[in-house]
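Close look at the chain arrangement
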Amino acid sequence: MLENEVAYLKQVEAGDVRLYLYDRDQSRIVQMIGTPDPNTRHVITYVPGTFTGLNIFYEGGVQQVSKYLNSNVPGTVAFVYKDGRFPGEEDTAGGPNLARIGEANDEKLARTSGQQLAGFETGMRIDPYLNGAEQTGIGHSWGLANLTSSEVAGARYDKVISLAGAGMLPDWKPQPTTEYSNLYYHDLLVQGQVVPNPITKKGLVWEGNNPIHRDEFEQHFYRGPDDDKINGAINTLEEGNILMENHNLIASNSKDNRRVLDEVSEVLKR
């Protein structure tokens, strides 16, 4: 992880990577992709999902969607955002702590993180080139909970795009001037979103308050490259792995995800 950090910061020093914010001790990093100028038309705040740590930033894993959109939608500037520790994140190269997956369903964490993101939006938009552009929030998995919680805290977006988004706070309300879209494969999160909590009788994930269950979100479902191997109930390790791969695929620039990336591009342009 330290070797990856050194290599990443050398790119920063060379001007190949631009950082809006970096505080490794507090797990805070915001990378800017693109250059604000008079031609900036689209500003994206991209929030990655559960388990996102600094190492995946160093390796370039969470910047893929933003880089694609910067290259394919003229006038786009994107901020890949992580301000503080994410659910299940570990600060080592050993990978995420799967035992802390429940943090992705934690209302208090989402609310606090949403307030932090709303503050970022206020500060970032002071720049006149950015303030005059269309504002879009894109959230993958738990990242959508962070984005929609920032709406509860007062942030406003022209468009909110869910990439297999997790859910929303109970007091979240869609904004009348915001366009909402949900793009997803059949994945582990969707599998969990249809399972009821045996105690509350509501959905297991965000008590059923998920983008796939809300009419305000325009729904876009896609089949994954290995979906033919899934046969009804998930009974094998292979089927579980396919669902996990689908969840990660939607946040990648893989050729298998090109339909999703093209749809996101079209949503931005309209």
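Below or above, wherever it landed, is the structure these notes cover. It should be emphasised that the depicted structure is a prediction, and the values quoted were computed from it without experimental measurement.

Criteria and thresholds
Residues numbered from 1 in each chain as written. Predicted model: local features only at pLDDT ≥ 70, side-chain atom pairs only at ≥ 80, totals over all residues. Heavy atoms only, no water. Pairing = 2+ DSSP bridges. Helix = DSSP H or I, 4+ residues; strand = E, 2+ residues; numbered from the N terminus. Axes fitted to C-alpha atoms, helices over the stretch in contact; angles between N-to-C directions. Contact = heavy atoms within 4.5 Å. Core = buried A, V, L, I, M, F, W, Y, C linked by side-chain atoms within 4.5 Å. Buried < 20%, exposed > 50% of the residue type's maximum accessible area, 1.4 Å probe, protein only. Expected span 1.5 Å × (residues − 1). Arc of directions from axis to C-beta. 1 Å grid on protein atoms, 1.4 Å probe; cavity = no way out; pocket = protein on both sides within 12 Å on 5 of 7 lines; lining within 4 Å. Points joined across faces, edges and corners; volume = space filled by probe spheres on them. Nonpolar A, V, L, I, M, F, W, Y, C, P; charged D, E, K, R; others polar.

Across the sheet, 8 strands lie side by side as S1-S2-S4-S3-S5-S6-S7-S8; this open sheet has mixed pairing. Edge positions in the open sheet fall to strand S1 (18-23) and strand S8 (217-222), since each of these has one partner strand only. Averaged over all pairs of adjacent strands, the angle between their axes in this sheet comes to 15°, without regard to strand direction. Across 6 bridges, strand S7 (residues 179-185) lies against S8 in parallel orientation. The partner of Tyr 185 across the bridge, within S8, is Tyr 222. The strands touched by helix H1 (residues 2-14) are S1 and strand S2 (28-33); relative to S1, the strand with the most contacts, the crossing angle is about 135°. Its contacts with the sheet put helix H4 (residues 107-124) on S1, S2, strand S3 (42-47), strand S4 (76-83) and strand S5 (134-140), and the angle it makes with S4 is roughly 145°.

Membership of the largest hydrophobic core comes to 32 residues, with the highest contact counts inside it found for Phe 79, Leu 117, Phe 120 and Trp 206. For this core, the secondary-structure elements that each account for two or more residues are S2, S3, S4, H4 and helix H6 (142-152). Setting aside residues no more than four positions away along its own chain, Trp 206 makes contact with Ala 104, Asn 105, Asp 106, Glu 107, Ala 110, Ala 145, Ala 166, Gly 167, Met 168 and Leu 169. Counting residues in each nonpolar core, the second largest holds 31 residues, with Phe 57, Tyr 58, Ile 138 and Leu 183 among its members.

The next subject is H4. Relative to the 26 Å expected for 18 residues at 1.5 Å per residue, H4 spans 25 Å between its end C-alpha atoms, a close match to the ideal helical length. All buried positions along H4 are accounted for by Ala 110, Ser 113, Gly 114, Leu 117, Ala 118, Phe 120, Glu 121 and Met 124. End-on view of H4: buried residues confined to an arc of 160°, all on one side of the axis. H4 presents Lys 108 and Thr 122 as exposed residues on the side facing more than 90 degrees away from its buried surface.

This part takes up the side chain of Ser 150. Following the sequence through the fold, Ser 150 ends up in helix H6. In contact with Ser 150, other than residues within four places in its own chain, are Gly 114, Leu 117, Ala 118, Ala 155 and Tyr 157.

This part covers the layout of surface pockets. Roughly 1000 Å³ of internal volume is contained in the largest pocket. Every residue lining the largest pocket is counted, 41 residues in all, and those nearest its centre are Thr 50, Phe 51, Met 244, His 247 and Asn 248. Elements supplying a minimum of two residues to the lining of the largest pocket: helix H2 (54-58), helix H7 (188-193) and helix H8 (237-249). When its residues are assigned to classes, the lining of the largest pocket shows 22 nonpolar, 17 polar and 2 charged. What the second largest pocket holds in volume is close to 200 Å³. In this structure, the second largest pocket is lined by 17 residues; those nearest its centre are Gln 11, Asp 16, Val 17, Gln 31 and Lys 67. Secondary structure elements with two or more residues in the lining of the second largest pocket: H1, S2 and H2. Tallying contributions element by element places S2 first for the lining of the second largest pocket, with 3 residues. Per-class residue counts for the lining of the second largest pocket are 6 nonpolar, 7 polar and 4 charged.

Now for the pairing of S5. A large share of S5 lies buried, amounting to 6 of its 7 residues. By the bridge criterion, 6 bridges tie S3 to S5 in an arrangement that is parallel. From the neighbouring strand, Ile 44 faces S5, where its bridge partner is Thr 136. As judged from the 5 bridges shared by S5 and strand S6 (residues 159-163), these two strands associate in the parallel manner.

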